[in-house]
Amino acid sequence: MPTALKNGRQTDSPATPAHVLEVEGLGKSFAGKPVLEGIDFRLMQGKVGCFLGPSGCGKSTLLRIVAGLEKPDGGRILSRIRRHAFIFQEPRLLPWLSAEDNIVFALRGQNLSEAERRRRAREALRTVRLEAFRAQFPFELSGGQRQRVAIARALATEPDLLLMDEPLASLDFPLRLALLEEMATGVFADGRSALYVTHDTREAVLVCDDIYLLGYGPARILARYEVPVPREKRSAEDPFLYAMSNELTRELKAIAERYGL
Ligand SMILES: Nc1ncnc2c1ncn2[C@@H]1O[C@H](COP(=O)(O)OP(=O)(O)OP(=O)(O)O)[C@@H](O)[C@H]1O
C-alpha cells in the first residue's frame with residue numbers, strides 16, 4: 001500500500017479472510033475533474049477505518065463508492081460484506097412515525113416477522129440508550145436523540161459494515177463526546193466494521209482504528225495513522241490521543257495551506 005505509517009505497524013500481508021474490504025487503485029472524476037486517484041486501503045473485520053481530509057476533497061464520494069451509490073472510473077473493490085448500512089449527517093427520520101416505528105419501517109425489506117422487527121428495534125434503541133424514548137415522535141426528540149435513532153435504525157438491520165458520513169457533524173461538542181463514547185462501547189461492538197468520514201480530528205482518534213489522511217485535487221491517501229489504544233479505553237482527556245489529534249490537525253492545516261483551501 002502506498003501509505004506512510006506514522007503510528008503502529010504497517011501490514012503488507014496478502015489478503016486474508018480477516019479483511020472485509022480491500023480497495024485498490026480507486027479513481028473517480030466528475031466532469032473530467034479528478035476527485036479521487038489511486039486510493040488503496042484495507043479494512044480488517046471489527047475495525048473502524050476513517051477518512052480524514054479537507055472539505056470537498058472527496059471523502060463522501062469515496063464512501064458512496066464503497067456503498068455502491070456511485071461508480072468509480074477505475075480500480076477495484078473486493079468485499080466480503082453481506083450487508084452495509086449508511087448513516088448520514090442528518091437523521092432522515094420519518095416525522096409521522098415514532099422512534100421505534102421508524103426502525104421497524106426500515107426493516108420492512110428484510111424477511112422478518114413483525115415480532116422480530118420490534119425485538120430488533122428495541123434492542124438497537126437500548127444500544128444507543130434510548131429505550132425510554134421509543135414511543136416519541138422525531139419532533140419530541142432532541143437533535144442528538146434523533147441522530148441516535150438513526151444510528152439504532154442502521155444497527156437494527158444487523159449490518160457487518162457501517163458507513164458513517166460525518167454522523168455527528170450537526171451536534172455540539174459535549175453531545176458529540178457522549179455519542180462517541182456510545183460508539184466506542186456499543187455501536188462498534190460485536191466485531192462490526194465501519195468506515196467513518198470526518199474532518200474532526202478529535203472524533204477520529206476517539207472512535208477510529210486506522211485513520212487515512214486524504215489530500216486534495218485529486219485526493220490520494222497521504223498517510224495512515226493507527227490509533228494504538230483499545231477503543232473502549234479511549235477518552236478525550238487521554239494526553240496521547242490529545243497529542244495525536246493535534247498532530248492530525250496540523251497535517252490538515254498543512255494540506256489546506258498547500259492547496260490554498
Ligand atoms: N455527483 C456529483 N457531481 C459532480 N461533482 C460532484 C458530485 N459529487 C461530488 N462532487 C464534487 O466532488 C468533490 C468531492 O466531494 P465530496 O462530497 O466527496 O467531498 P467531501 O470531502 O465529502 O466534502 P465535505 O467534507 O465538505 O462534506 C467536490 O468538489 C464536489 O463538488
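See the structure shown above.
A brief look at the structure comes next. A quick note: this is a predicted structure, and the numbers were derived from the prediction, not measured.

**So, the pattern of salt bridges**
At step 1: Scanning all chains against the criterion turns up 25 salt bridges.
At step 2: The salt bridge involving Arg-92 is made with Glu-90; its shortest N-O contact spans 2.6 Å.
At step 3: Arg-176 is the partner of Asp-200 in a salt bridge, and the nearest nitrogen-oxygen pair spans 2.3 Å. One end of the pair, Asp-200, is in the loop between β8 (193-198) and α6 (201-207); the other, Arg-176, is in helix α5 (residues 173-187), and 24 residues separate them in sequence.
At step 4: Using a relative accessible area of 10% as the deciding quantity, one classes Arg-176 as buried.
At step 5: Each of the salt bridges in this network shares a partner with another, and the network as a whole consists of Glu-100, Asp-101, Glu-114, Arg-117, Arg-118, Arg-122 and Arg-134.

**A short note on the site of the ligand**
At step 1: Taken together, Phe-30, Val-35, Pro-54, Ser-55, Gly-56, Cys-57, Gly-58, Lys-59, Ser-60, Thr-61, Glu-166 and His-199 are the residues near the ligand.
At step 2: Within the side chain of Ser-60, a nitrogen or oxygen atom sits 2.7 Å from an oxygen atom of the ligand.
At step 3: Taking Glu-166, its side chain carries an N or O atom lying 3.3 Å from an oxygen atom of the ligand.
At step 4: Considering the ligand on its own, with 640 Å² of exposed area, one finds that the protein chains cover 59% of that surface.

**So, unusual backbone geometry**
At step 1: Here the amide bond leading from Gly-217 into Pro-218 is cis, since omega sits at -5°, within 30 degrees of zero.
At step 2: Of note, Pro-218 is situated in the loop between β9 (210-214) and β10 (221-226).
At step 3: The backbone of Arg-129 shows a phi angle near 55°, a positive value even though the residue is not glycine.
At step 4: With respect to the helices and strands, the residue Arg-129 is situated in the loop between α3 (114-127) and α4 (143-156).

Conventions adopted
- Residues numbered from 1 in each chain as written.
- Predicted model: local features only at pLDDT ≥ 70, side-chain atom pairs only at ≥ 80, totals over all residues.
- Heavy atoms only, no water.
- Salt bridge = Lys/Arg side-chain N within 4 Å of Asp/Glu carboxyl O.
- Helix = DSSP H or I, 4+ residues; strand = E, 2+ residues; numbered from the N terminus.
- Buried < 20%, exposed > 50% of the residue type's maximum accessible area, 1.4 Å probe, protein only.
- Near = heavy atom within 4 Å.
- Polar contact = N/O pair within 3.5 Å; in protein donor to acceptor, adjacent residues only side chain to side chain.
- Areas by Shrake-Rupley, 256 points an atom, 1.4 Å probe, with all protein chains shown as cover.

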